[in-house]
Structures are given as structure tokens and as C-alpha cells.
Amino acid sequence: MITINEREIEWVPDETVLQAALRAGIAIPHLCAFAGSPSPQAACRICMVEVEGTPRLQTSCTLPARDGMVVRTHTPRIQRARRTIVELLLASHPDDCLFCPRSGDCELARLAADLGIRGRRYAGLKKSHPLDVSSPSVIREPNKCILCGRCVAVCHSVQGVGAIDFTGRGFETRISPAFYTGLNVSGCIFCGQCIRACPTGALTEKSQGEDVIRALADPDVMVVAQVAPAVPATLMDAAEISSITEMLETLSGALRQIGFEAVFDTSFTADLTIMEEVSELLHRVKNGGALPMFTSCSPGWVRYVEVHRPEMIPYLSTCKSPQQMMGALIKECYPKQFDTKGRRIYSVSIMPCTAKKYEAQDLGDIDAVLTTREVDQLLRRFGMQFTPKGPRAPLDVPFAEATGAGRIFGGTGGVMEAAIRTAHRLITGEELKGGPKVSDARGLDQVKVFSLDVAGTQLNFAVVNGLGEVKSILHSVAQKTSPLHFVEVMTCPGGCVGGGGQPYDTDREAIKKRLHRLYEVDRKSASRLSHDNEQVKSLYKNLLDQPLGAMSHHLLHRSYLDRRKG
Amino acid sequence: MRSVAEVVTGHGPLTMDSLIPVLQEVQAESGYLSDGSMEEISAAIGVPVSRVYGVATFYRQFRFAPLGEHVIQVCRGTACHVKGSLSIADHLKRRLKLTSDGNSPDGKFTVVTVACLGACSIAPVVKLDGEFHGHLTIQKLDALIDEIGGDE
Ligand code: SF4
Ligand code: SF4
Ligand code: SF4
Ligand code: FES
């Protein structure tokens, strides 16, 4: 038992006082400690509490909860101390809330409001560091940074990239890539996890909302959209809509209302990806190609390989990501079939991801990428909301159909599971014995390793989410000691549902809920196998001929660049 | 002058703890830390270069631009401060048009401030190319600079 604010709360071993309080619904304000952080740093001191028997205030994020402890979290003394800390943070903060990308959804502003800060008591020197707009995905506004260190913790410890760090000292301290350069020439992989970690407008996505609004108003342009599988699973957080298919149709209805002329399902090209990727895997196994083969649908991971480990390029699947497959199909085939007026197609993709912006810029075919956060803003600009009463519209043929396998691409293990279902069929001619569910690929462990006996051959698989853990696998591949055949890597923890373009308040619980929704729609799907997708089949019949064929190579595969510096 | 690679090999197995000593040695060899040398150190220790740069920029002792032909160390210790070392530093900054890395644009001079040169009895003091000059005034300092060709 521990007592917090005269309330008795069950004591759970290995918890901090902060965790225990939050569990009991007692909101101790905290900044440097946050859900996605590997270890608290006791840097901001906002989470201070009083513990009976200790004269000094203690940081609850690092204080282990002990049985019998008596804690107070909001005494006048604590409130004063906290307020002063935040007022000092704000002393050098720009007065820019009205025009800030985080306006209305800013943790710092909320914290200040919760602490009752309604005026400036300290006026400090304002910082004047340059804005960094060099990357296609992430904008850095160091003058809004409060040096909480969350972005650094995520980038180094969760993502294992370490593109940014604290530099300089004293008043000049700032978060920056090495040599004070822009993110574009740093080791940054544009995953956007730092954006989600940031409590302020210091890190935001490079928004393309205005470009899309301009295109929608242009009569010479036909604007179409594709929607990634994680997006409806996420929009359901806030909408009272209970199935992914209904959510997709509601989103599609809303997009049409504001001028989109067609809405396609990226899960369709996820199914297509499986056809190509599994064929490629089997080809490699049969012909002694580079193994293990790594998935290539997560652009942050692809950039990680190109920039940090280019010697691993031969192991990457040559398949484009579902976004880019869809982009190529839209640009290559759609206008010929549908836009009789000969207008230019403006292709928008709606993604849970900031690295997709980079990927689109790098490979072309897509004109604008909007994150889940941006699409919500876009629709609000037009006075639209997702309600069950909103207009609905089906997605557009010929890229409308998705199997359950294509839908689960939105979460960690989903590509692996979909691939195993189809691989088993292609190798043995039969479906998986115990049904299509591949439990070993599911769950939030950072690395999942398992094997499967397929027609007398043991195939070994690994699923990684969050790049931090990929290094050990790369090490064994480099040593040529890896027994693995196929490795799914998703850059973000939880996969796309935990992507860098997702709502700021995405936490582990939100990720679990979204994954659950994906597995639900899979379970209820009439077809759960990518190779059974009728529209995919007819695409092969009418255009592509067969997986890995010449047309596939032209439209659906890509090459990679060694982007290591020096 | 030893290369970064030579310095690094001289250190045996490297960990994060080796970072500061390695940075110090590399700077001792070449007078400053170049971007390239920090990239090399990062690869050798296996820490991101952002961390190497972050650590290096935290400590005053590290420089990121090559030294000029002449190095002037201005003492900013307590005794010198009382005797007006701030105006000496300011004067140098103006006269030599020093940039933020402490170098004059023509590459002739580098000015660094140091916590204490340990010559408080002759404050205010500067060290010019290794030689002490005490009881300094701005006139004396100007004469020293004129002598080695800092006029323009
Ligand atoms: S980061 Fe938050 S507090 Fe700062 S200007 Fe933006 S909205 Fe305001
Ligand atoms: S986008 Fe990803 S890699 Fe780049 S700084 Fe942020 S967390 Fe690091
Ligand atoms: S950029 Fe954001 S997350 Fe990073 S230290 Fe600054 S305020 Fe914190
Ligand atoms: S949240 Fe505990 S010190 Fe910052």
C-alpha cells in the first residue's frame, strides 16, 4: 500500500511514484519523463513530490515507489516550485502560440495553463537560432525548444539513430545535428518519432496541407488520394465509428466532399506488395540470392540502410513500398482509364508517417503526403468532422479491394504475417494448417524471432519494430552467421500505427487499440490472403502479367543508393 | 603530427569514456577538431557523431577552426578581470575583426580566452605565441600586434 494525497493505493513492485500516481488517476505534471522514453532523466524537475520523512522535494519519475510510502503531490510548496520552473522555461520562450503549428495541441501550453500561469513574471532573453527546414519531413524550430531531451532520448535509445543531441552549453545549449547543419545532411532518417515526443512546436512535420488545398481549387487538376491502412485504425480513436471499413468509407466521403475525385486503398497495394515480395523471397531462396531478405516498405528503415549501413543494400527487397506502388499505378494507368478530360493528376497520399514525405520526394509519382495529423486539420479547414452521420463513399475501383492480409500491414508483424500466408500457399499449394493467424508475428516485443516448417524446410523469420534493436540482426548478417530468411523491419515502435505522423498523444495503449482494430478487420474479412484479392488478380491479368515480370519491374520495383557520407 | 587513426589506435579498446581523452589528443595534434576528425572518432568509438559534437561543444577547451599563425591567449582570471582584461579582449575582438571561432578573417590570429594563466602578479596578462606579456595596456598590446604585422 502507498498513500498519495491521503488516498491509499495498491503498491506494485518496480513502479516509480509517478507511475503509481498516474495509475491512480493522480496527474503529476511531468515533462522530461514520457511514455515513449526508455529511462527517466530527472532533468525538468516538474514532477517533484513531497515524501514524508524526507525534507527535500523528490522527482517522482525516478523515485521508486516503496511499500508504506506517504506522498503528497500538490501541496502549496510543490505548486509554487513547479510554477516557477515552468515560468522560467517560458521566460525565454517566444510569444507565438497563435501562429504555432502546435496551437491548440501543445503540451507546454497545456502545462502552463494547468499550473495557472496567466502572466509573465520573468522576461528572459529570447533565443535566435535559425529555423531548419532542410528536411522533406521534419522542421526544427530551436527557439521553441525547452531542452527537455525527449527527442534525444527517442532518437538515440528507441530509434538507435542519434541524429540530434544537446550541443553547446549554458544559454547557447540547443538540440542540433552535429556541426549545426540541417537535418537533411545529418544521419536523420525522417521517422518523425522526435516530433511525437516533443512537447512543443520545436519539432513539427513539414506540412503540405496548403499545397493540397491549392490543387483542390485548380480546375485543371484532378486530385486523388490513397489511404494507408493505419490511418482509419487511428481516426477511430476519436470518431464514434466501430469498424475500419466504415471509417474508410467515412473518410472517403469526407475527402470527396472537399473535392477529391477518387480515393484508393493503400491496403490494395499492400496485397500487391505481398505478391511481389514473396515471389522475390522464394526466388532468392531457390537461386541462392542474398538472405535474409529485409522488407522495404518502411522508408525510415530504407534510409537507415542507405545512409548508415549501405553494405546491407543487397539484402533489401527491391519492392517499392505500397505507397509508391500505388503512386506508380495511379500515374501510369489511372489517367488513361478514367480522366477523359486529360487533366493532370495530383496524387495525395494519407499516411501515418513523416518519412513517407521523404520517400515521395525521392521516388516521385506522389505529389503530396499528408500525415494523419494533417488530414484531420485539412478536413477541419473545410468544416468536416468524422461522425457516423457524415457522408460515406466506397473506395474507388480498380484499387479499392483489400484482403485482411493487406490491412494488417499497418502494424508490426503485419507484413510478415501476410507474407507467410501467401508464401505457404505458393510453396505448398495449401493454406496454413492452423488458419491464417500467425501469432508469433504479433505483439509489441521489439524483436520477434520464430521459425516455421514449410514443406519440410525450416524457414526462419524475425520481426523488428523500432530501429533500436535492428543492429544485432545486422551484425549477424554482416558476419554471415544469420540463420534468418526473411526479416520485417518497421521503423516505428508498434509499426505504422505508432508512426511519426500519428496524433501527438499516441501511447502504448493507443497503439494496442489500433492494432486490435486491424486484427479485427482481418478476422472478419471475407478474404485474408493477398493472392485471393480479385482486383490484384485482374491487375496481373490486364497489365502486369506475373510477379517479377518486366512490367512489375518497371512499375513496382526500385533500386537503392549508397548515401554514406565521405 | 599523428593522424586521427593513429591517435585512436593508441587508445586500445574504445568506450564512451575514451571520448574526451581522444578529443583532447586529436586537438593537441592538429590544434583543433575538424568535422572530419569528429566523424572518424564517432566511427571508431561507435557513438553517433551528434554525441561527439555535443560533448565537444560542451567543453570550452575544444576548438572547431584551425589556429591562426599567431595565438593570443587572454587571461580572464579574477586578478586580470579586476585589472581590465575584459577591455583587452574586447579590443582584440574589434581590432582583429574576430569571428565567432576567435580567428581573424585573414587567418593570422587566433584569440582564446583562458580561465587563468597563473601569472596573477603581473595582471593583466596575455600569452602571445607562448610568451607572457604582463602589466598590459591597450597601447602595449597594439604595439605587440603591429610588430608581428597585424595592421590593416
Ligand atoms: S510551442 Fe506551445 S507554447 Fe510554444 S508557441 Fe507553440 S503553442 Fe505556444
Ligand atoms: S526524425 Fe527520427 S531520425 Fe530524425 S531526428 Fe527525429 S527521431 Fe531522429
Ligand atoms: S526539441 Fe522538443 S523534445 Fe527536443 S528537447 Fe526541445 S522541446 Fe524537448
Ligand atoms: S518528469 Fe521527472 S524530472 Fe522531468
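### What to know about the site of ligand 1
The full set of residues close to ligand 1 is A:His93, A:Asp96, A:Cys97, A:Cys100, A:Cys106, A:Lys144, A:Thr200 and A:Gly201. A class-by-class count of the residues in the shell around ligand 1 yields three nonpolar, three polar and two charged.

### What to know about the site of ligand 2
In the neighbourhood of ligand 2, the contacting residues comprise A:Val138, A:Cys155, A:Val161, A:Ile164, A:Cys188, A:Ile189, A:Phe190, A:Cys191, A:Gly192 and A:Cys194. Looking at the shell around ligand 2 residue by residue, the class counts come to nine nonpolar, one polar and no charged.

### Notes on the interface of chain A and chain B
Contacts between the two partners involve 16 residues from chain A and, on the opposite side, 13 residues from chain B. Carbon and sulfur atoms make up 58% of the surface buried where chain A meets chain B, a total of about 1100 Å² over both sides. Taken as a group, A:Asp165, A:Arg169 and A:Phe179 account for 50% of the area that chain A buries against chain B, more than any other trio of residues on that side. Notably, a salt bridge pairs B:Arg51 with A:Asp165, separated by 2.5 Å at the nearest N-O pair. Scanning the region where chain A abuts chain B turns up four residue pairs in polar contact (both at pLDDT 80 or more). Going through the elements one at a time, α4 (150-158) and β7 (165-167) of chain A are the ones with two or more residues in the side of chain A that touches chain B. The element that contributes the greatest number of residues to the side of chain A that touches chain B is β7(A), accounting for three residues. Per-class residue counts for the side of chain A that touches chain B are nine nonpolar, four polar and three charged.

### Let's talk about the sheet that holds strand β17 (residues 486-490) of chain A
Residue and element names in this part refer to chain A. Here we have four strands laid out as an open sheet, ordered β12-β17-β16-β15, and mixed in their pairing. Across the chains shown, the open sheet's two edge strands, defined by having one partner strand only, are β12 (293-294) and β15 (447-454). Two strands pair when backbone bridges link them, and β15 and strand β16 (residues 457-465) are joined in this way by eight bridges, in the antiparallel orientation. Each bridged residue has a counterpart across the sheet, and for valine 449 the counterpart in β16 is alanine 462.

### A look at the domain arrangement of chain B
Domain parsing of chain B yields domain 1 (4-58) and domain 2 (70-147). Put simply, the middle of domain 1 of chain B and the middle of domain 2 of chain B, counted by C-alpha atoms, are 29 Å apart.

### So, the sheet that holds strand β5 (residues 70-72) of chain A
Residue and element names in this part refer to chain A. Overall, mixed pairing links the five strands, which are arranged β2-β1-β5-β3-β4 in an open sheet. Two strands close off the open sheet at either side, each with one partner strand: β2 (7-9) and β4 (58-59). Packing against the sheet, helix α2 (residues 76-91) makes contact with β3 (48-51) and β5, and its axis sits at approximately 160 degrees to β3.

### Quick look at unusual backbone geometry
All names here are of chain A. With omega at 0 degrees, the peptide bond leading from leucine 291 into proline 292 counts as cis. The residue proline 292 is located in the loop between α9 (266-287) and β12 in this model. In this structure, lysine 480 is a non-glycine residue whose phi angle is positive, near 60 degrees. Inspection of the secondary structure assignment puts lysine 480 in the loop between α16 (470-478) and β17.

### Focus: the packing of helix α10 (residues 299-308) of chain A against helix α12 (residues 355-363) of chain A
Residue and element names in this part refer to chain A. Interhelical geometry of α10 versus α12 gives an angle of 65 degrees and a closest axis separation of 8 Å. Taken together, the axis directions place α10 and α12 in an arrangement best described as roughly perpendicular. Counted together, Pro299, Gly300, Arg303 and Glu306 of α10 and Ala355, Lys356, Tyr358 and Glu359 of α12 form the full contact between these two elements. Partitioned by chemical class, the residues of the contact of α10 with α12 number three nonpolar, one polar and four charged.

Reading the values: rules and limits
Residues numbered from 1 in each chain as written. Chains lettered and ligands numbered in written order. Predicted model: local features only at pLDDT ≥ 70, side-chain atom pairs only at ≥ 80, totals over all residues. Heavy atoms only, no water. Near = heavy atom within 4 Å. Nonpolar A, V, L, I, M, F, W, Y, C, P; charged D, E, K, R; others polar. Contact = heavy atoms within 4.5 Å. Buried area = accessible area lost by both parts, 1.4 Å probe. Salt bridge = Lys/Arg side-chain N within 4 Å of Asp/Glu carboxyl O. Polar contact = N/O pair within 3.5 Å; in protein donor to acceptor, adjacent residues only side chain to side chain. Helix = DSSP H or I, 4+ residues; strand = E, 2+ residues; numbered from the N terminus. Pairing = 2+ DSSP bridges. Domains from an automatic or database assignment. Axes fitted to C-alpha atoms, helices over the stretch in contact; angles between N-to-C directions. Parallel < 35°, antiparallel > 145°, perpendicular 65-115°, else oblique.

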